[in-house]
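Commentary on secondary and tertiary structure
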Amino acid sequence: MNTDLGTFTVRALDPSPSSRPGSSGSGSMSDAELVHSWVTHPKASFWLMGDARLQDVEREYMAIAANPHHDAFIGLHNGEPAFLMERYDPAEVELKGLYEVEPGDIGMHFLVAPTDTPLHGFTHAVITTVLETLFADPSVRRIVVEPDVRNTAVHALNKAVGFEVLREIAKPEKTALLSACTREQFQAAREGEAR
């Protein structure tokens, strides 16, 4: 996606451990090291991984890579890693048994990398990229999310791109605000922004 802020793309996350035999030692971070630095940052408190070790993050994303119902991606801004995106089948992962899954539902998580030089509108551009990526699959009719009820910043962002709150749900790790966005709701929000 091209925006006034630059180009946003996604690629598959490589969960391989950072200490791969034969690694060049060039100093570039593995995806696991990048994600570890993001999820343990204080701004990522709602990811509940603040105390995670690198090995914990590697294990988590190796498990996601092995799960046929869950995928992880690194989001790029002008070719540089800038956000994390996860896609999951809510009938099998995260929300299994917690709500009435509809045909064409897909779940998602996203996390913007912490930065010392924030760009106005950046997070909005990221979530827009995430939704465009998910809706590029014609089988996806609705995106569902389950952020923590206390995460007011993401609730406002979700509303801005077309999400509608369905209800609160109790998950083992949090009370979540189950919300959904249809393709039509997302398109209406995009058209509203263009006016």
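You'll find the structure just up there.
The model shown is predicted, which means the values in this text are computed figures rather than measured ones.

It is at 9 Å that the axes of helix H1 (residues 31–39) and helix H2 (residues 54–66) come closest, and there the two elements cross at 110°. As summarised for this structure, H1 and H2 are arranged roughly perpendicular, according to the angle between their axes. Viewed along their axes, H1 and H2 form a crossing whose handedness is right-handed. Of H2, the residues touching H1 (which contributes Ala32, Glu33, Val35, His36 and Val39) are Leu54, Val57, Glu58 and Tyr61.

Now for the pairing of strand E7 (residues 164–170). Where E7 meets strand E8 (residues 175–182), six bridges bridge the pair, whose relative direction is antiparallel. In the strand pairing of E8, arginine 167 is matched with leucine 178. Counted between consecutive antiparallel strands, the loop separating E7 from E8 contains four residues.

This part takes up the layout of surface pockets. The computed volume of the largest pocket comes to approximately 1200 Å³. Considering the residues around the largest pocket, the lining is formed by 41 residues, among which Ala44, Trp47, Phe110, Leu111 and Val112 are closest to the centre. Those elements giving two or more residues to the lining of the largest pocket turn out to be H2, strand E3 (70–77), strand E4 (80–88), strand E5 (105–112), helix H3 (122–135) and helix H4 (152–160). When residues of the lining of the largest pocket are assigned to their parent elements, the largest contribution, five residues, is made by E5.

On to the side chain of lysine 174. Counting through the fold element by element, lysine 174 comes out in the loop between E7 and E8. There is a polar contact of 2.7 Å between the side chain of lysine 174 and the backbone oxygen of glutamate 146. Non-local contacts of lysine 174, meaning those with residues more than four positions away in its chain, are made with Glu146, Pro147, Asp148 and Ile169.

Here we come to the environment of arginine 53. Examined against the element boundaries, arginine 53 turns out to sit in the loop between H1 and H2. Classification of arginine 53 as partly exposed rests on a relative accessible area of 47%. As a C-alpha pair, arginine 53 and alanine 176 span 123 residues in sequence and 25 Å in three-dimensional space.

With the rule as written, the count across this model stands at twelve salt bridges. A salt bridge links arginine 11 to aspartate 31; the shortest N-O distance between them is 2.8 Å. Here arginine 11, found in strand E2 (residues 6–12), pairs with aspartate 31, found in helix H1; they are 20 residues apart in sequence, far enough to count as distant. The buried category is assigned to aspartate 31, whose relative accessible area is 8%. The partner of glutamate 146 in a salt bridge is lysine 174, with the nearest N and O atoms 3.3 Å apart. Of the two residues, glutamate 146 sits in the loop between strand E6 (142–145) and H4 while lysine 174 sits in the loop between E7 and E8, which places them 28 residues apart along the sequence. The two residues glutamate 146 and lysine 174 agree in class, both being buried.

Rules and cut-offs
Residues numbered from 1 in each chain as written. Predicted model: local features only at pLDDT ≥ 70, side-chain atom pairs only at ≥ 80, totals over all residues. Heavy atoms only, no water. Axes fitted to C-alpha atoms, helices over the stretch in contact; angles between N-to-C directions. Helix = DSSP H or I, 4+ residues; strand = E, 2+ residues; numbered from the N terminus. Parallel < 35°, antiparallel > 145°, perpendicular 65-115°, else oblique. Left-handed = near helix turned anticlockwise from the far one by under 90°. Contact = heavy atoms within 4.5 Å. Pairing = 2+ DSSP bridges. 1 Å grid on protein atoms, 1.4 Å probe; cavity = no way out; pocket = protein on both sides within 12 Å on 5 of 7 lines; lining within 4 Å. Points joined across faces, edges and corners; volume = space filled by probe spheres on them. Polar contact = N/O pair within 3.5 Å; in protein donor to acceptor, adjacent residues only side chain to side chain. Buried < 20%, exposed > 50% of the residue type's maximum accessible area, 1.4 Å probe, protein only. Salt bridge = Lys/Arg side-chain N within 4 Å of Asp/Glu carboxyl O.

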